Amino acid sequence: MDPTTSGASGSASGPPPGAFAGPPDPSLIPSIPTDAANTAAHSFTAAAITLNIISFLLFGARLWTRSFPVFHMGWDDYVISAAWVLVLTNSILLILTVPYTFGGDPSTFTLADVIYSNKLAVLSQPIWAWSMAAIKISVAGMLLRLEQRKGVRRFLWVMIVLQVVVSVYGTLAAVLQCIPLHAAWDLLGLITDAKCWSKGAIRVNSICIASFNIVTDVIFALMPVTFLRKVQIPFRERVVIGVLMALGIFASAASVVKATMAANFGLTEDPNLEGIQMGTWSLVEEQVAFIAACIPCLRKPFQQVLQHFGLVTANATSKKTGATGYGRMNATTGVSNVNGAIRMKSLNSSRAQSEEDILGGGNGQQVGESEIWRTTEVRVDLEGGNSIREKM
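Residues numbered from 1 in each chain as written. Predicted model: local features only at pLDDT ≥ 70, side-chain atom pairs only at ≥ 80, totals over all residues. Heavy atoms only, no water.

(A) Spotlight on the overall build of the protein chain. Secondary structure summary: the protein chain contains 11 helices and 8 strands in total. Scored against the burial criterion, the 392 residues of the protein chain give a buried share of 41%. For the protein chain, the proportion of contacts with a sequence separation of at least 24, taken over those separated by at least 6, is 74%. Of the accessible surface of the protein chain, which amounts to about 20900 Å², a share of 65% is contributed by carbon and sulfur atoms. (Helix = DSSP H or I, 4+ residues; strand = E, 2+ residues; numbered from the N terminus. Buried < 20%, exposed > 50% of the residue type's maximum accessible area, 1.4 Å probe, protein only. Contact = heavy atoms within 4.5 Å. Areas by Shrake-Rupley, 256 points an atom, 1.4 Å probe, with all protein chains shown as cover.)

As structure tokens, this is what we get:
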């Protein structure tokens, strides 16, 4: 049968316009990024790869210093390890949103590619939230090892709980921004019964989370000042250690930039550029926070570099121990007999070594309550039965 004819009369007729038309195929709809978006995408990819290499090297160095020559990994090291997995996963997802930066032709980018990129960006949001929480929880764990005051320790635990609460909120906000969730990347509006947050609500949510990160970054950056004042090391070294532990302030700077951009979310004429810029600063904030969390644990190699350039001086190493030793020397024979109870063993060697990695416990300063000065009692037996005792 001729498809253009129908009916007994044989008169020509065809289907009404759009009778067999389906939803538009997004793979056939060009969505070429603007020059500004293309440039921003290449900058984002370069920054992501560079920062991931730096963070991986510092993370590996941190694990090495905590494992050799003595294994003394703490729970904060395991948390930062989980954070590294999340940071890497988030970076991969965000890099995949701009595939044309790896030699592809951006002119072939279609709406289907944009939809897929939006999907990856939405899925990366809860991963980013938990990576930031894990990084700051690790920093809080490091500070808990160094800080002995009960009030400050309670405050650090409150900060840990807040990080978990905000991460749970961020996860729920990401998965509930649209119901059903796949409506969040439905750029064609095919899901007519979807309920999604307005752009204004998304702006407010982003600004609130960014503000929380700014405040917590500043708090964690300034907290080392509270105990570095009491550490008995040269002022110049205290400044160097304080700067290393306060590098998280740069993460708060990235949060400020992102909060400023979030205030203008959905108000520009280039949503593709807008999304790339938000993703860039989210990744920078995450990577800088991770790097800042690893660097304080590399005090020894940093101190060696600074000593090489004459910025700090090496102090004489003082002997410390967690036990009291007693020795006896015979004045006639000159033979000393050290009691078998003398054992150079720290009350908590793992914790003491971890503190030394950060504050340099071997340079004569008081690091924590787990270390005390060694006290040796010497008894000298003189001829005639008299003895002299002296504590050293």
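(B) Here's a closer look at helix α4 (residues 150–175). Compared with an ideal rise of 1.5 Å per residue, which puts 26 residues at 38 Å, α4 spans 38 Å between its outermost C-alpha atoms and is within 8% of the ideal. For α4, every residue scored as buried is listed here: V152, L156, M159, I160, Q163, S167, G170, A173 and A174. Considering only its buried residues, α4 is in contact with α2 (75–95), α3 (111–146) and α5 (199–222). (Expected span 1.5 Å × (residues − 1).)

(C) Structural context of the packing of aromatic side chains. According to the stated counting rule, one finds 6 aromatic pairs in the structure shown. Here the aromatic rings of F59 and W84 are separated by 5.3 Å at their centres, their planes lie at 15°, and the arrangement is stacked. In this pair, F59 sits in helix α1 (residues 35–67) while W84 sits in helix α2, placing the two residues 25 residues apart along the sequence. Judged by relative accessible area, F59 falls into the buried class, the value being 7%. Considering the side-chain rings of W75 and W157, the 6.1 Å spacing of their centres and the 15° angle between planes classify their relative orientation as stacked. Linking W75 in helix α2 with W157 in helix α4, this pair joins segments that are 82 residues apart in sequence. Given the relative accessible area of 40%, W75 is considered partly exposed. Owing to a relative accessible area of 45%, W157 belongs among the partly exposed residues under this scheme. Linked through ring pairs, F56, F59, W84 and F290 together constitute an aromatic cluster. (Phe/Tyr/Trp six-rings, centres within 6.5 Å; stacked < 30°, edge-to-face > 60°.)

(D) Structural context of the state of the cysteines. In the structure shown here, the tally under the stated rule is 1 disulfide. In this model, C178 is linked to C196 through a disulfide, with the two sulfur atoms separated by 2.0 Å. Taking the torsion about the sulfur-sulfur bond, which here is approximately 120°, the covalent link between C178 and C196 counts as right-handed. Pair noted here: C178 is in strand β1 (residues 178–179) and C196 is in strand β2 (residues 195–196), with a separation of 18 residues, a long-range link. Taking relative accessible area as the criterion, C178 reaches 6% and is therefore assigned buried. Classification of C196 as partly exposed rests on a relative accessible area of 40%. In this structure C294 is not part of a disulfide, and its nearest cysteine sulfur, from C297, lies 7.0 Å away. (Disulfide = S-S within 2.5 Å.)

(E) Here's a closer look at the pattern of salt bridges. For the coordinates displayed, the defined rule picks out 8 salt bridges. Where R62 meets D76, a salt bridge forms, and the shortest distance between an N and an O atom there is 3.2 Å. Here R62 is found in helix α1, whereas its partner D76 is found in helix α2, with 14 residues between them in sequence. The burial state of R62 is the same as that of D76; both residues are buried. Measuring nitrogen to oxygen at the nearest pair gives 3.9 Å for the salt bridge that ties R66 to D76. Residue R66 is found in helix α1, and its partner D76 is found in helix α2; the two are separated by 10 residues along the sequence. Under the relative-accessibility criterion, R66 is labelled buried at 0%. Connected through shared salt-bridge partners, R62, R66, D76, D77 and R145 make up one network. (Salt bridge = Lys/Arg side-chain N within 4 Å of Asp/Glu carboxyl O.)

(F) Structural view of helix α9 (residues 271–294). Counted at 1.5 Å a residue, the expected span for α9 with its 24 residues is 34 Å, and the 35 Å between its end C-alpha atoms agrees. Most of α9 sits out of view: 18 of its 24 residues are buried.

(G) Examining the packing of α2 against α3 more closely. It is at 8 Å that the axes of α2 and α3 come closest, and there the two elements cross at 160°. Taken together, the axis directions place α2 and α3 in an arrangement best described as roughly antiparallel. Considering only the axes of α2 and α3, their crossing is left-handed. Grouping the constituent residues of the contact of α2 with α3 by class yields 17 nonpolar, 6 polar and 2 charged. (Axes fitted to C-alpha atoms, helices over the stretch in contact; angles between N-to-C directions. Parallel < 35°, antiparallel > 145°, perpendicular 65-115°, else oblique. Left-handed = near helix turned anticlockwise from the far one by under 90°. Nonpolar A, V, L, I, M, F, W, Y, C, P; charged D, E, K, R; others polar.)

(H) Fine view of the environment of V79. Within the secondary structure layout, V79 lies in helix α2. The class of V79 is buried, set by a relative accessible area of 19%. In this structure, the C-alpha to C-alpha distance between V79 and G141, residues 62 residues apart in sequence, is 8.9 Å. When neighbours within four sequence positions are excluded, V79 is seen to be in contact with A134, I137 and S138.

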